[in-house]
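Summary of the model geometry
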Amino acid sequence: MVGRVDPNYPPEAEAYREKIRAFLGEHLPSGWHGIGALDHESARSFTGEWRSTLYENGLLAPSWPREYGGGGLSPLEQVIVAEEFYRAGVPTGGTNDTFSIQMVGNTLLHWGTEEQKSHFLPRILSGEDVWCQGYSEPGAGSDLGNLGTRAVLDGDEWVINGQKIWTSAAHLANWIFVLARTDPDAPKHKGITFLLVPMEQPGVEVRPIKMMTGLSEFNETFFTDARTAKDNVVGAVNAGWAVAMTLLGYERGEAAATFPIMFRAEVDRLMELARSTGASRDPLIRQRLAWCYSKVEIMRFLGMRTLTKFLAGGQPGPAESTFKLFWSEYHKIVTELGVDILGSAALTPSGRMSTGFQADDVGAPNDSASWVTAFLMSRAGSIYAGSSQIQRNIIGEMVLGLPKEPAGATQGKTWKELQSTSSS
Ligand SMILES: Cc1cc2nc3c(=O)[nH]c(=O)nc-3n(C[C@H](O)[C@H](O)[C@H](O)COP(=O)(O)OP(=O)(O)OC[C@H]3O[C@@H](n4cnc5c(N)ncnc54)[C@H](O)[C@@H]3O)c2cc1C
């Protein structure tokens, strides 16, 4: 399981780092302290403008081939861009680019036909197409293979019926990638197809879900005779599971270089908060702060291990679950400490609310609303992109080679048979 850790970058990396720093110096407003220092409205308009700047300079999808509008950079250069951007507290893309570029874009590069790549990838970068993810359903989250949204071919189009849930930022998207059941008579992980579906049609309805922070970052998405073209299938019909898993690898893998930078900025901010409230004089608080600091250092080394693999040409895989498990569980503890340091002030939070599912943005103020919302948001980190229990299963079964979870009575059954057993 233990991979090689080689944190030393070659000399040409440092030259490239200087180039990126110069780019930031040239394009960021003077007096820049990080996007967290802006209020939400200013941050939103800055992100839109910044995305255009990145697009014009080939830095929006740095490693994508130039023919699709990418920067054509090497994986090492891509990592340096991300590191320097995170250090400066500037976004690497727009609000939905996690879904558009990181997930479906990268998956299309891997699995898409030439026609799909040359149609969809430039439209993603220009911002014409904005994507969201239609995987989870009320009865299919951890057990994603249980999904029941149906797609049936009708002439030149797929007709889709069913419901997705927890669709992040669906209200901002005009395309959704959907896992749909196309053969109910096949075993449950077979008979699933990965479809690209336009959202601006009468058969697609998006309803917001209110989160415990009071915000509505995600939605329920309903499909009622929604349609998409027959060719909007990624990979083969009934073979969408492999495509879906490639995409999850991108969802879980790319944070290794940048999260330790972001979490380090957060723990520095927490120490500042403890000093300002006097809590830093409490030996137990000091001990908990030291624990958080050491966890971020461990996270940095875990990240480097992934990075070493990535820079040697490796793809994200099951081992990346270690990193996801580590940061998401850590983040619940560090934000709880933030709330404990605030004490009664946490009961009447005021100031700027955090909206990110990971650490609050670099430059965020040390106010009570920022810490309290980060504390509430941190609960989501150990659920989305596979819950902590699922990450432990993956590590146990696929990395450590421990025995698999017993499939029991479900072994070898088709999806249709499983549905009739569960409803009887
Ligand atoms: C903030 C956020 C954003 C999200 N965005 C999206 C999105 O954009 N698109 C999308 O499709 N989905 C999205 N999701 C959904 C997410 O992928 C699911 O919530 C997640 O996979 C868990 O599924 P579930 O909610 O159905 O919980 P369940 O699968 O019902 O799990 C309930 C509990 O049982 C545990 N459990 C389940 N199976 C096992 C097992 N085999 N062994 C041990 N424990 C188990 C789980 O760990 C969990 O604690 C998002 C979720 C969150 C929180």
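Structural data are supplied above this passage.
To keep things clear, this report deals only with the structure shown in the data block. (Residues numbered from 1 in each chain as written. Predicted model: local features only at pLDDT ≥ 70, side-chain atom pairs only at ≥ 80, totals over all residues. Heavy atoms only, no water.)

1. Some remarks on the packing of helix H3 (residues 75-88) against helix H8 (residues 283-311)
Running from N to C, H3 and H8 cross one another at 145°; their axes reach a closest spacing of 9 Å. The way H3 lies across H8 gives a crossing that is right-handed. In contact with Pro75, Leu76, Gln78, Val79 and Glu83 of H3, H8 contributes Leu307, Phe310 and Leu311. Within the contact of H3 with H8, the residues separate by chemical class into six nonpolar, one polar and one charged. (Axes fitted to C-alpha atoms, helices over the stretch in contact; angles between N-to-C directions. Helix = DSSP H or I, 4+ residues; strand = E, 2+ residues; numbered from the N terminus. Left-handed = near helix turned anticlockwise from the far one by under 90°. Contact = heavy atoms within 4.5 Å. Nonpolar A, V, L, I, M, F, W, Y, C, P; charged D, E, K, R; others polar.)

2. So, the site of the ligand
Of all residues adjacent to the ligand, which total 20 residues, the nearest are Ser136, Ser142, Trp166, Ser387 and Gln389. In this structure, Gln133 approaches the ligand through a main-chain N or O atom, which is 2.9 Å from a nitrogen atom. Between the ligand and Glu405, the relevant distance is 3.2 Å, taken from a nitrogen atom to a side-chain nitrogen or oxygen of the residue. For the ligand, the accessible surface in isolation is 980 Å², of which the surrounding protein chains cover 69%. Ranked by residue count, the leading element in the shell around the ligand is strand S3 (residues 157-168), at four residues. The residue inventory of the shell around the ligand, partitioned by class, reads 10 nonpolar, nine polar and one charged. (Near = heavy atom within 4 Å. Polar contact = N/O pair within 3.5 Å; in protein donor to acceptor, adjacent residues only side chain to side chain. Areas by Shrake-Rupley, 256 points an atom, 1.4 Å probe, with all protein chains shown as cover.)

3. As for the nonpolar core
One finds Phe85, Phe177, Phe194 and Leu196 to be the most contacted residues of the largest nonpolar core, which totals 49 residues. Elements supplying a minimum of two residues to this core: helix H1 (11-27), helix H2 (40-56), H3, helix H4 (97-111), helix H5 (114-126), strand S4 (175-181), strand S5 (192-198) and helix H6 (240-253). Phe259, Leu270, Ile341 and Ala346 belong to the second-largest nonpolar core, a separate cluster that totals 28 residues. (Core = buried A, V, L, I, M, F, W, Y, C linked by side-chain atoms within 4.5 Å. Buried < 20%, exposed > 50% of the residue type's maximum accessible area, 1.4 Å probe, protein only.)

4. Structural notes on the pairing of S5
Remember that side chains alternate between the two faces of the sheet whenever the strand is regular. Among the seven residues that make up S5, six are buried, leaving the element largely enclosed by the rest of the structure. In the sheet, S4 pairs with S5 via seven bridges, with the strands oriented antiparallel. Looking at S5, one finds that Val178 is bridged to Leu195. Pairing of S5 with strand S8 (residues 233-234) involves two bridges; the strand directions are antiparallel. (Pairing = 2+ DSSP bridges.)

5. Quick notes on the pairing of S3
By the bridge criterion, five bridges tie strand S2 (residues 150-154) to S3 in an arrangement that is antiparallel. Residue pairing for S3: Asp154 is matched across the bridge by Glu157. Between S2 and S3, which pair antiparallel one after the other, the connecting turn spans two residues, and Gly155 there sits at a positive phi close to 65°.

6. Concerning the packing of aromatic side chains
Under the definition given, this model contains 19 aromatic pairs. On the numbers, 5.2 Å between centres and 50° between planes, the contact of Trp166 with Phe218 is tilted. Taken together, the positions of Trp166 in strand S3 and Phe218 in strand S7 (residues 218-229) put the pair 52 residues apart, joining distant regions of the chain. On the numbers, 5.1 Å between centres and 80° between planes, the contact of Phe259 with Trp327 is edge-to-face. Of the two residues, Phe259 is situated in helix H7 (residues 259-277) and Trp327 in helix H9 (residues 321-342); the sequence distance between them amounts to 68 residues. No difference in accessibility class separates Phe259 from Trp327, as the two residues are buried. (Phe/Tyr/Trp six-rings, centres within 6.5 Å; stacked < 30°, edge-to-face > 60°.)

7. Quick word on the pattern of salt bridges
Counting across every chain of the model gives 23 salt bridges. Of the charged contacts, one joins Arg17 and Glu14 as a salt bridge, the two residues approaching to 3.2 Å between their closest N and O atoms. One end of the pair, Arg17, and the other, Glu14, are both in helix H1, three residues apart, so they sit about a helical turn from each other. Judged by its relative accessible area of 37%, Glu14 is partly exposed. Close ionic contact of Glu329 with Lys332 constitutes a salt bridge, the shortest N to O distance being 3.4 Å. (Salt bridge = Lys/Arg side-chain N within 4 Å of Asp/Glu carboxyl O.)

8. What to know about H7
Here H7 is 19 residues long and its end C-alpha atoms lie 27 Å apart, about the 27 Å a rise of 1.5 Å per residue gives. Buried within H7 we find Phe259, Pro260, Ile261, Met262, Phe263, Glu266, Val267, Arg269, Leu270, Met271, Leu273 and Ala274. Buried-residue contacts for H7 involve H3, H8, H9 and helix H10 (368-381). Just downstream of H7, Gly278 is the residue with a positive phi angle, here 90°. (Expected span 1.5 Å × (residues − 1).)

9. A few points about the side chain of Arg352
One can find Arg352 in the loop between H9 and H10. According to the relative accessible area criterion, Arg352 is buried, its value standing at 11%. A distance of 3.4 Å separates a polar atom in the side chain of Arg352 from a polar atom in the side chain of Asp361. In contact with Arg352, not counting residues within four places along its chain, are Gly36, Leu38, His40, Asp360, Asp361, Ala364, Pro365, Asp367, Ala369 and Ser370.

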